[in-house]
Amino acid sequence: MRIARYVQIIFLFCLITKIVLAQKDVSNCLEQSVDISSRTYSLKELFEEAELQLGIKFSYTNKLDVSKKVSLNEGSASLENVLNRIIDLKRFKYKVRKNKILIIPLSEKEIKFTIKGFVFDAQSSESLIGAHIISPLSMTGTVSNSFGFYSITLPAKSSLLTLSYVGYKMKVLNLNLKGDTTINIFLNREEELSTVNVLGRKAANMNNLTGLSTFELNQADINKIQATFGEADLFKGLQLLPGIQANTEASSGLVVRGGSPDQNLILLDDVPVYYVGHVLGIFSIFNRDAINKVKIIKGGFPARYGGRVSSVCDIRLKDGDAKELHGDFSLGLISAQFNLHGPIKKDKTTFHLSFRRTYLDLLLGPVLKIAKVKDDLRYFFGDVSFKVKHKINPRNQLFGSIYYGGDKLRLTIYDDFYDEISGKEKSKNKFGWGNFTSSIRWNKIFSDKLFANTSLIYSKYRFISTDEYAIKKNSSYVSQYRQDFRSGITDVALKTDLDYRPSPYHSIKSGAGVTFHEFIPGKETYVFGRNISRNRENRKSYESLEFYTYVEDLMQITKRFSANVGLRFNGIKSGEKYHLSLEPRLMTNYRIGKDINVKLGYSSMSQYLHRVTKSILTLPIDIWLPVTQKIKPIESDQLVLGISKPFQKNKYKVSIEGSYKITENILEFSQNFNAAYYNDSWENKVTPGKGRYSGIELMMQKNRGNWTGFMAYTLSLSKWHFVDLNKNQKFYSPFDRRHSFNINLNKEFSKKLSVSATWIYASGAPTTLQLQNIQAVNPHATSFPFSNLIRQYEQRNAYRMSPYHRLDLGIKLTKQKKKGTRIWEFNIYNAYWNNNPLYTRVSGNSGDYKIKQASLVGMIPTFRYTYKF
Amino acid sequence: MKLIYYISYLSILFVAFIACETEHNIPKEHSEPKLVINSLVGVDSTVNVNVTYSNPLNGQPYSGFIKDAEVKLVSGTSEYRLQFNDNNLFTTNEVKMEGGRDYSLIVLHKNEQYAFADETVPHAVKVLEADTFRNDGDPERILKVKIRFKDNAQMTDYYILNASLRFTYDEGAANEYHYEYDIQPFSQDPVFEHHLIESQALIEKNLLAGSRVFSDYRFNGKEKELNFYVLREGIWTNSAKVDLIVFFNTISKNYFHYERSYVMYNNAKKLPFYKKVNLYSNFRTQFGIFAAYSANRLVIPLKAEDKI
């Protein structure tokens, strides 16, 4: 595999070299050096000096002002370098003819100017990410970046520029270009979903590359996500897309093309988030009302993304309305939300504040009291996010964002201490887990073609548990012991990304970054009676330094053929060991006929973090650890081939993609990890393996009209192979689903009433069943040595649970009120109450054993009331 | 009104999160019974081997011990054939296990099923002191025990700590009888890696909670004082002589693996979300364990103040 990778790198290098060389004819004459003394020259003097030194002749147009003075630094420079500095290349060009250099004016067609600026929502001034900016005449186009910035270089003769964004009215600008200019574009929302300019897209072939194994969800799409348990969850919406599945029933974990949930890079305003679920993963931590745009990439990864091997989910929070104060609040079955956003200083500084909290704990307490239950159970989760955007000047912007969210569970049990006379005992357990992320980002427009973003990031994930036991003496409880446990990750990162658009045919992105990780697998403290016992060895933290640099060029090679060629260099220093990897990335798009796009993508990815888990769920107790001397990074190679075609001016769209992925060095606990010492290096407890995934994904969308929706089908196979597990035989990965079919329909009857329905189907998940009873000896017994019968398995994941399917229905009632909008949402989750399997167990007596499939939820009717102002 | 609201709310949540179970038949795929061999052998003891078949849940249940298996114990050039006895065990009086020696156990049944495992018998260690004690400030409900012993420097040793209480009722010289039951030892000693602390955590962060084995990697070759405690609530009688029996055995690495997998199996089966665990087996193609130990049975008579 390594050899194959080097061959691929060499191939890419040759391809890039060929492309570069093909575009530039470097003449020997231009490579000759000219010695310049430090002073101010007129152009004429400089030409004469060069003629004298190099024995060449200059011939120039009379439109060139040769009396123009230029200042050059002393030293030696190539003639080409000198000419590039002294001649206005936007109006003149030079050619080499044997020993003569001709300087001639550019033709009208050749004169080009750069337009740059930001694309905003006209009402709120929120940045629009991924807006299409297209010049139909010159057949070129671009897309606004993650901050809404765009830059496009056009021939001076270009008279039209079209701007489009899904859900917004298309805007056409009449241009009369005299030079480089800045145009900030404000787009108006429209009632019906707009079609992105098909003609323009066809012309701007480069833009089509953004669609390879990628889905983008804007505000309108996010608002359509149906609620589960009263919460419209972003990740539940993403799980409907082809190639993406839920980990388990009701789970927010994403399984992308057979990869485990930890293989997804979840970015919240550029900050990686490690644990993304509340209530053991049932809800994702992202508040839908605070999100501006989401992009999920499953394959064909641009070089700017790295660090995980399965997917990238890039979530951008709203900046806040730049003109007026707005907000909303909503009440659901288990939580309340509140959003407030607006200008701090009009058109200069904005903020967005978002808050969500469940009230389960507030309600459970009184209920337990009424029921006269002496024990106490409290649980809640909450999130708060705050973002500030400050426009320093037209070329500089600052963003600051903070997110804090977590879950807290407390259980206190009161009991008699082995007999009622002797006294009472109390045990108290507390669990808490959550993320804190913060970032400061600085946008700078260095020139019309160069945009930079620099981010300083601090993030923290923690899991904390406390277990306390006390005995009642007289009237108060005296603690007998207390155990505290904590684990987590802390990251500090600095990164810079450059976005350079030198010509209409190239969009070059490059950047570099460094992240310091501190991992605490487990830190424990015991207080026993009056003594404190610290587990010193186990307090050890792992520290590592991860770094990367990348470059990618999104280029339009011909009118029909475009490519994004990139290279990423990753590395990590863990202890004294360095792990380095070079990752080539390639995406190509070839247009056949009017609008059939054939896409091919290859990505090589590395992941330096492993999450080891003992359960089938995504739990906060799972630990994240870095690669070490012994444990290698996860590496994956993925090949994607896709074809897409829009119909009726993008009203309908059909796409089909096939993908093949090999993942190496995935980790499972070894067969005998129990025998490793607790304080042993964790690398002795795990064993590496290999995963293979192949799949075909079909997506059919209807984007406009009263009825909208999509249908997604995935046929896939995912297998694992571990030398040390399952007797060295391959077995189905826990994420293998042969068929997956989702259909979503939305009908807007009027502005006041809309309904939606989603049907989800997935083949049964593999499961391990212990189907052999054995008599085993009890190693603890001092007298009778045999235990009860013990169940053993022969093969991992050899059986399938029942298929998963459910129907979700939703109705949305919207009413305009005097000072805002009132929305009632009613949803039914799992409308026909299918008992979808979560896990299996075997039970029964001799001769009458059954497999019991447990389901988490039945049908759930929920509601949510929202008021927007 | 409040009550109605709360009840309605909880009813919705109950409907939402009620866990349902549906029943399905065991898959029809044929699953062959396998040999299950159990043999925990002690130094200076006779070898006892229990041989049964596993019962595939979808097949004919097999009950009883296998009597007609061919069971052999091999050590160096010596080979001993074990005979089935009245206790349903294969055994031999020809040999007793010796510390430091390697043994192989071979089981063959009807020329179809074959199992083979190797084992090295551990040496005993000398226990220098064993006693109960209580310090000022100790919680009322505990009785502390200390064992001082000298670890063997020449080899990696593994230990297991088991305990029981023995009650002796003396109703005249001719009428003395004993009653003994196993009890759970608890310990904060780092050698147990916090598996033996009292913990009532809802989600077990450590599937090895309750494991009583440890290795000498922290004190290899040195004299070690091991502290643990038992709960006094079990020691409730004044009408009997009570002895705390401590089984402080040196065990082999196979025994160590087996005990930990046994603990993990029992912890994981309470947690349906956890991945399934199999017992450790040194019979590569079959189930079961052939593991050795060297026993140290320490009898500590309890004093009046030790009882609660």
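Residues numbered from 1 in each chain as written. Chains lettered and ligands numbered in written order. Predicted model: local features only at pLDDT ≥ 70, side-chain atom pairs only at ≥ 80, totals over all residues. Heavy atoms only, no water.

Peer 1: Teacher, can you tell me more about the overall build of chain B here?
Peer 2: A count of helical and extended segments in chain B gives 2 helices and 18 strands. Within chain B, residue pairs in contact and separated by at least 24 positions form 67% of the contacts whose partners lie at least 6 positions apart. For chain B, the computed accessible surface area is about 14300 Å², with 50% contributed by carbon and sulfur atoms. (Helix = DSSP H or I, 4+ residues; strand = E, 2+ residues; numbered from the N terminus. Contact = heavy atoms within 4.5 Å. Areas by Shrake-Rupley, 256 points an atom, 1.4 Å probe, with all protein chains shown as cover.)

Peer 1: Which parts of the structure should I look at to understand the overall build of chain A?
Peer 2: From N to C terminus, chain A includes 8 helices and 58 strands. The buried share of chain A, reckoned over its 869 residues, is 58%. A separation threshold of at least 6 residues defines the contact pool for chain A, and within that pool the share at least 24 residues apart is 65%. (Buried < 20%, exposed > 50% of the residue type's maximum accessible area, 1.4 Å probe, protein only.)

Peer 1: What is the right way to look at the pattern of salt bridges in this model?
Peer 2: Close approach of charged atoms allows side chains of opposite charge to pair. Taken as a whole and assessed by the stated rule, the structure comprises 42 salt bridges over all chains. A:R738 is the partner of A:D736 in a salt bridge, and the nearest nitrogen-oxygen pair spans 3.0 Å. With relative accessibility at 0%, the residue A:D736 sits in the buried group. The partner of B:E70 in a salt bridge is B:K72, and the shortest N-O contact between them spans 3.8 Å. (Salt bridge = Lys/Arg side-chain N within 4 Å of Asp/Glu carboxyl O.)

Peer 1: What is the right way to look at unusual backbone geometry in this model?
Peer 2: Leaving glycine aside, a negative phi is the common case for residues, and trans is the common case for peptide bonds. All names here are of chain A. In this structure, R257 takes a positive phi of about 45° despite not being glycine. The residue R257 is located in the loop between β20 (254-256) and β21 (264-268) in this model. For R257, a relative accessible area of 1% corresponds to the buried category. Despite not being glycine, K649 shows a phi value in the positive range, around 50°. Inspection of the secondary structure puts K649 in the loop between β43 (634-647) and β44 (652-669).

Peer 1: For this particular structure, what's the right way to read the sheet that holds strand β22 (residues 271-272) of chain A?
Peer 2: Sheet strands line up and pair through hydrogen bonds in the backbone, either parallel or antiparallel. Residue and element names in this part refer to chain A. Spatially, β16-β25-β26-β21-β22 is the arrangement adopted by the 5 strands of the open sheet, whose pairing is mixed. Both outer strands of the open sheet, β16 (214-217) and β22, are each paired with one neighbouring strand and no more. Of the pairings in the sheet, the one linking β21 to strand β26 (residues 311-317) comprises 5 bridges and is parallel in character. Each bridged residue has a counterpart across the sheet, and for I266 the counterpart in β26 is C313. (Pairing = 2+ DSSP bridges.)

Peer 1: Is there a simple way to explain the pairing of strand β5 (residues 70-75) of chain B in this structure?
Peer 2: A regular strand places its side chains on the two faces of the sheet in alternate fashion. Residues and elements named next belong to chain B. Taken together, the 5 bridges between β5 and strand β8 (residues 102-109) define a ladder with antiparallel strand orientation. Its bridge partner being in β8, V71 is matched across the sheet by V107. As judged from the 5 bridges shared by β5 and strand β6 (residues 78-84), these two strands associate in the antiparallel manner. Counted as the bridge partner of V71 is L82 from β6.

Peer 1: Is there a simple way to explain the packing of aromatic side chains in this structure?
Peer 2: Aromatic rings considered in pairs are described by the distance between their centres and by the relative angle of their planes. All names here are of chain B. Counted according to the given criterion, the structure contains 48 aromatic pairs over all chains. Between Y169 and Y177, the ring centres sit 5.2 Å apart and the planes meet at 20°, which makes this aromatic pair stacked. Residue classification places Y169 among the buried positions, given a relative accessible area of 16%. Given a relative accessible area of 37%, Y177 falls into the partly exposed group. (Phe/Tyr/Trp six-rings, centres within 6.5 Å; stacked < 30°, edge-to-face > 60°.)

Peer 1: Can you help me understand the side chain of A:S438 in this one?
Peer 2: You can see A:S438 is positioned in strand β32 (residues 424-445). When neighbours within four sequence positions are excluded, A:S438 is seen to be in contact with A:V271, A:S401, A:I402, A:L456, A:I457 and A:Y458.

Peer 1: Even after reading the chapter, I still don't get the sheet that holds strand β56 (residues 839-845) of chain A, so can you show me in this structure?
Peer 2: Overall, antiparallel pairing links the 3 strands, which are arranged β56(A)-β57(A)-β1(B) in an open sheet. The open sheet is flanked by β56 of chain A together with β1 (20-25) of chain B, the only strands paired with a single partner. Strand-to-strand twist in this sheet, taken as the mean axis angle between neighbours without regard to direction, amounts to 35°. Here β56(A) runs beside strand β57 (residues 848-855) of chain A; their pairing, made up of 7 bridges, is antiparallel. Within β57(A), the position partnered with A:Y839 by the bridge is A:A854. (Axes fitted to C-alpha atoms, helices over the stretch in contact; angles between N-to-C directions.)

Peer 1: Explain the environment of A:R611 here, please?
Peer 2: Residues and elements named next belong to chain A. Take R611: it is sitting in strand β41 (residues 609-612). What makes R611 buried here is its relative accessible area of 12%. Between the alpha carbons of R611 and Q263 there is a distance of 8.8 Å; along the sequence they are 348 residues apart.

Peer 1: Can you help me understand helix α2 (residues 253-268) of chain B in this one?
Peer 2: Three or four residues apart is the spacing at which side chains of an α-helix point the same way, because the helix has 3.6 residues per turn. In this model, α2(B) (16 residues) spans 22 Å end to end at C-alpha, consistent with the 22 Å of a helix rising 1.5 Å per residue. Along α2(B), 14 of the 16 residues are buried, which leaves the element largely enclosed by surrounding structure. (Expected span 1.5 Å × (residues − 1).)

Peer 1: Would you explain the side chain of A:R308 in this entry?
Peer 2: Residue placement: A:R308 occurs in the loop between β25 (291-297) and β26. There is no salt bridge for the buried A:R308, and the closest opposite charge comes from A:E546, which lies 5.8 Å off by N-O distance. (Lys, Arg positive; Asp, Glu negative; His and termini not counted.)

Peer 1: Any chance you could explain the environment of B:Y255 here in plain terms?
Peer 2: Relative to the helices and strands, B:Y255 resides in helix α2. Given the relative accessible area of 5%, B:Y255 is considered buried. Sequence-distant contacts of B:Y255, defined by excluding residues within four places in its chain, comprise A:P779, B:L40, B:I160, B:A291, B:A292 and B:Y293.

Peer 1: Is there a simple way to explain a nonpolar patch on the surface in this structure?
Peer 2: Residue and element names in this part refer to chain A. On the surface, I392, L398, I440, W442, L456, Y458, V492, L494, V514, F516 and L545 cluster together into a nonpolar patch covering about 870 Å² of accessible area. Counting residues per element, the ones that place at least two in the nonpolar patch are β32, β33 (450-473), β34 (476-503) and β35 (506-528). Mapping L456 onto the fold places it in strand β33. Among the residues examined, L456 registers a relative accessible area of 46% and is labelled partly exposed. (Patch = residues over 30% accessible without salt bridge, like charges linked within 9 Å, V, L, I, M, F, W, Y side chains within 5 Å.)

Peer 1: When you look at the packing of helix α3 (residues 43-54) of chain A against helix α4 (residues 79-86) of chain A in this model, what are you seeing that I'm missing?
Peer 2: How two helices sit against one another is set out by the angle between their axes and by the gap between those axes. Residue and element names in this part refer to chain A. Contact geometry of α3 with α4 gives a least axis separation of 12 Å together with a crossing angle of 175°. Judged by the inter-axis angle, α3 sits roughly antiparallel to α4. Here L43, L46, F47, A50 and L54 of α3 lie close against α4, whose contacting residues are L79, V82, L83 and I86. (Parallel < 35°, antiparallel > 145°, perpendicular 65-115°, else oblique.)

Peer 1: Just to check I follow, could you spell out the nonpolar core for this structure?
Peer 2: What tends to happen in soluble globular proteins is that the nonpolar side chains get buried as a cluster. Ranked by internal contacts, the top residues of the largest apolar core, which has 65 residues, are A:L234, A:F235, A:L238, A:F286 and A:I315. When sequence neighbours within four positions are dropped, the list of residues in contact with A:L234 reads A:L217, A:I222, A:I225, A:S284, A:F286, A:I291, A:V294 and A:I315. By size, the runner-up hydrophobic cluster in this structure holds 29 residues, among which are B:L143, B:I147, B:Y159 and B:Y169. (Core = buried A, V, L, I, M, F, W, Y, C linked by side-chain atoms within 4.5 Å.)

Peer 1: Is there a simple way to explain the confidence of the model for chain B in this structure?
Peer 2: Interpretation of the predicted coordinates at a detailed level should be avoided for regions scoring low in pLDDT. On average, residues of chain B score 83 in pLDDT, and 86% of them are at 70 or above. In the model, residues 200-204 of chain B has pLDDT below 50 throughout and makes 19 contacts with residues more than four positions away in sequence or in other chains. (pLDDT = per-residue confidence, 0-100.)

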